[in-house]
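Architecture and fold: a report
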Amino acid sequence: MPEGHTVHRTARKLQRELGSQSLEVSSPQGRFTDAVLLDGQKLVKAEAWGKQMFLHFETGVVRIHLGIYGKWLFQKFEEDPAEPKGAVRLRMRGDRFVADLRGPTACELIEQDGVSAVLQRLGPDPLRNNAGDGERFIQNVQKSRRPIGQLLMDQGVLAGVGNVYRAEILFRNRQSPFTPGSQVRTEVLEVIWDDCVALMPLGVRTGIMLTRDGYLKGRPRLDERYYVYKREGQPCRECGTPVSLALMATRKLYWCQGCQK
DNA sequence: GATTAATGCTAAA
DNA sequence: TTAGCCTTAATCT
């Protein structure tokens, strides 16, 4: 379930459960051959930037990107954890906690300057919201003629937003996905940035992507969480127009033609 | 048991 | 713009 909020949430969990401990690091599946180089080392820090995660060990950094299928599985255990289930690329075992990683696009050992290289091509991350990030986001959008719907998914423009948040944030701000970035007004982009900053921490806190205002309690059912995502053909919650579906750069784009002009 | 879809991205054309 | 990659869960026969 990988958009930026998931990666941040996982990084925090790994930091909390495995940070500052010497870990047993392995690759049960065998594909991450560098695991042996880290075995027995301390996890110094786990951090996320957009959808990228960096696990800082004593002598190197593991860069992880879940891609579209990647998943973590966590277990607490007393004596020994259960045997890895499925194709586990990376297993990190601490005192009482073990983390298994399956199906990532990237799981590689890099050095510090490799981290910098990755960060250089990433746009601002609303879950970090450093000083000046909003302005950088706006510049990134307005210098492009590609449609805003594509730009929100471009990690060089905005880091951490994926297909669900893309659709939902555009709806929440009544913005058509098809407007070229260069034509979206600065005030609109300011509000969109602020909306990401306000909305995404809820996903980090709860682990659930919830984008509808007024549904913040409990654990809303899947079909109640969104305004437009995966709701093609169903009536828009605001105006009743059937929600539209189209492919935009190979990804499914959901939007309301009535609300998002 | 086979097929499909999934919250992603890269490199090649 | 397209093919390819990695894996699982849900949906089909």
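The preceding data block contains the structure.
Throughout what follows, the structure given in this document is the object of discussion.

About the thresholds
Residues numbered from 1 in each chain as written. Chains lettered and ligands numbered in written order. Predicted model: local features only at pLDDT ≥ 70, side-chain atom pairs only at ≥ 80, totals over all residues. Heavy atoms only, no water. Near = heavy atom within 4 Å. Polar contact = N/O pair within 3.5 Å; in protein donor to acceptor, adjacent residues only side chain to side chain. Nonpolar A, V, L, I, M, F, W, Y, C, P; charged D, E, K, R; others polar. Helix = DSSP H or I, 4+ residues; strand = E, 2+ residues; numbered from the N terminus. Expected span 1.5 Å × (residues − 1). Buried < 20%, exposed > 50% of the residue type's maximum accessible area, 1.4 Å probe, protein only. Contact = heavy atoms within 4.5 Å. Salt bridge = Lys/Arg side-chain N within 4 Å of Asp/Glu carboxyl O.

Our next topic: the protein's contact with DNA strand C. Neighbouring DNA strand C are the residues Q29, R31, Y69, G86, A87, R89, R102, G103 and T250. Counting only the atoms of DNA strand C that lie within 4 Å of the protein, the sugar and phosphate share comes to 58%. A distance of 3.3 Å is found between a sugar or linking oxygen of DNA strand C and a side-chain nitrogen or oxygen belonging to R89. Within the contact set of DNA strand C, a phosphate oxygen lies 3.4 Å away from a side-chain nitrogen or oxygen of R102. A class-by-class count of the residues in the surface near DNA strand C yields 2 nonpolar, 4 polar and 3 charged.

Right, let's talk about helix α7 (residues 186-206) for a bit. Because an α-helix completes one turn every 3.6 residues, residues spaced three or four positions apart along the sequence face the same direction. Given a rise of 1.5 Å per residue, 21 residues ought to cover 30 Å, and the 31 Å separating the end C-alpha atoms of α7 matches this to within 8%. Every buried residue of α7 is listed here: L189, I192, W193, D195, C196, L199, M200, L202, G203 and V204. Buried residues belonging to α7 abut α1 (4-18), α4 (133-142), α5 (148-151) and α6 (163-172). Taken from the residues just after α7, G207 is the one with a positive phi, measuring 80°.

Another point: the pattern of salt bridges. Think of it this way: side chains of opposite charge can pair up when their charged atoms draw near. Tallied over the entire structure, the rule returns 13 salt bridges. Put simply, E17 and K76 hold a salt bridge, and the shortest N to O gap is 3.6 Å. Of this pair, E17 sits in helix α1 while K76 is found in strand β5 (residues 71-76), placing the two residues 59 residues apart along the sequence. Between R63 and E108 there is a salt bridge; the shortest N-O distance is 2.8 Å. Residue R63 is found in strand β4 (residues 61-65), and its partner E108 is found in strand β8 (residues 106-110); the two are separated by 45 residues along the sequence. Its relative accessible area of 13% is what places R63 among the buried residues. For E108, a relative accessible area of 33% puts it in the partly exposed group. Several salt bridges share partner residues, and in doing so they unite K45, E47 and R128 into one network.

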